[in-house]
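# Observations on chain architecture
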Amino acid sequence: MNNTRYIETLLTSNSMEEMLSNTQKISDKIFLENLKTLDIKNYTYTPDLAIEELGVDLELMNQLIEDYVIQIIKSCIHFMEFLAELQDLKKYTTNLDYKILRDLAHKNLGVARNLRIEDAIKLLERIMKESDLDFITKCVECLFVRGVLLQPIQAYNTIRLIQVKGSF
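Keep in mind the model is a prediction, meaning the values are calculated, not measured.

Looking now at unusual backbone geometry. Unusually for a residue other than glycine, aspartate 39 sits at a positive phi of about 50°. Here aspartate 39 is to be found in the loop between helix 2 (16-33) and helix 3 (48-54). Classification of aspartate 39 as exposed rests on a relative accessible area of 65%. In this structure, arginine 116 is a non-glycine residue whose phi angle is positive, near 60°. Relative to the elements of secondary structure, arginine 116 occurs in the loop between helix 5 (99-115) and helix 6 (118-129). The exposure class of arginine 116 is partly exposed, given its relative accessible area of 27%.

Next comes the structure, spelled out in structure tokens:
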């Protein structure tokens, strides 16, 4: 599994079982090699605080989480496109413009904060602040993986829809 193609590996999974197996391998590899300092490896999301603060029931919260997973998967694909552009530009200049990347991270950060998804909050905050493209890439890959693990069925269905539409 080529570490620069983690998201592509998940996007091209042929079954949910394959996607989940790949997700776990990728998650372990990213945490062990790159993101130990974020202290999110053993984080497990529970919606209780968000349900209380937002004043919604569990059914609505589950729908909001499913919507978040769809959004984060699509956003991570866009993140990777922007990162590829920045990597290309890096060959020619040191003055890189991270505005589009940071705006997208900020948009997703608001949703993660509202839903109290702490691992996503940490990852998106780092994406917004970092300038190291390799580190940002690992954060995006981890964000994608964590979205898949949060709602595997929704993630798989979203990925299949992206495959059908050919939009990656």
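Structure's up, so let's keep going.
Turning to the nonpolar core, a few remarks are in order. One finds Phe79, Ile127 and Leu143 to be the most contacted residues of the largest nonpolar core, which totals 56 residues. Breaking this core down by element, the ones donating at least two residues are helix 1 (6-11), helix 2, helix 3, helix 4 (58-90), helix 5, helix 6, helix 7 (133-150) and helix 8 (152-165). Broken down by element, this core gets its largest block of residues, 13 residues, from helix 4.

On to the environment of glutamine 163. With respect to the helices, strands and loops of the structure, glutamine 163 is situated in helix 8. Residue class for glutamine 163 comes out partly exposed when judged on its relative accessible area of 22%. Spatially, the C-alpha atom of glutamine 163 lies 20 Å from that of phenylalanine 82, the residues being 81 residues apart in sequence. A polar side-chain atom of glutamine 163 sits 3.0 Å from a polar atom in the side chain of arginine 160.

Another aspect to go through is the packing of helix 4 against helix 8. Contact geometry for helix 4 and helix 8: axes closest at 9 Å, N-to-C directions at 45°. Taken together, the axes of helix 4 and helix 8 lie oblique to each other. By crossing handedness, the relation of helix 4 to helix 8 is classed as right-handed. Contact residues: Glu66, Val69, Ile70, Ile73, Lys74 and Ile77 in helix 4; Gln154, Ala155, Thr158, Ile159 and Ile162 in helix 8. When its residues are assigned to classes, the contact of helix 4 with helix 8 shows 7 nonpolar, 2 polar and 2 charged.

Calculation criteria
- Residues numbered from 1 in each chain as written.
- Predicted model: local features only at pLDDT ≥ 70, side-chain atom pairs only at ≥ 80, totals over all residues.
- Heavy atoms only, no water.
- Helix = DSSP H or I, 4+ residues; strand = E, 2+ residues; numbered from the N terminus.
- Buried < 20%, exposed > 50% of the residue type's maximum accessible area, 1.4 Å probe, protein only.
- Core = buried A, V, L, I, M, F, W, Y, C linked by side-chain atoms within 4.5 Å.
- Polar contact = N/O pair within 3.5 Å; in protein donor to acceptor, adjacent residues only side chain to side chain.
- Axes fitted to C-alpha atoms, helices over the stretch in contact; angles between N-to-C directions.
- Parallel < 35°, antiparallel > 145°, perpendicular 65-115°, else oblique.
- Left-handed = near helix turned anticlockwise from the far one by under 90°.
- Contact = heavy atoms within 4.5 Å.
- Nonpolar A, V, L, I, M, F, W, Y, C, P; charged D, E, K, R; others polar.

Read these as geometric descriptors, not functional statements.
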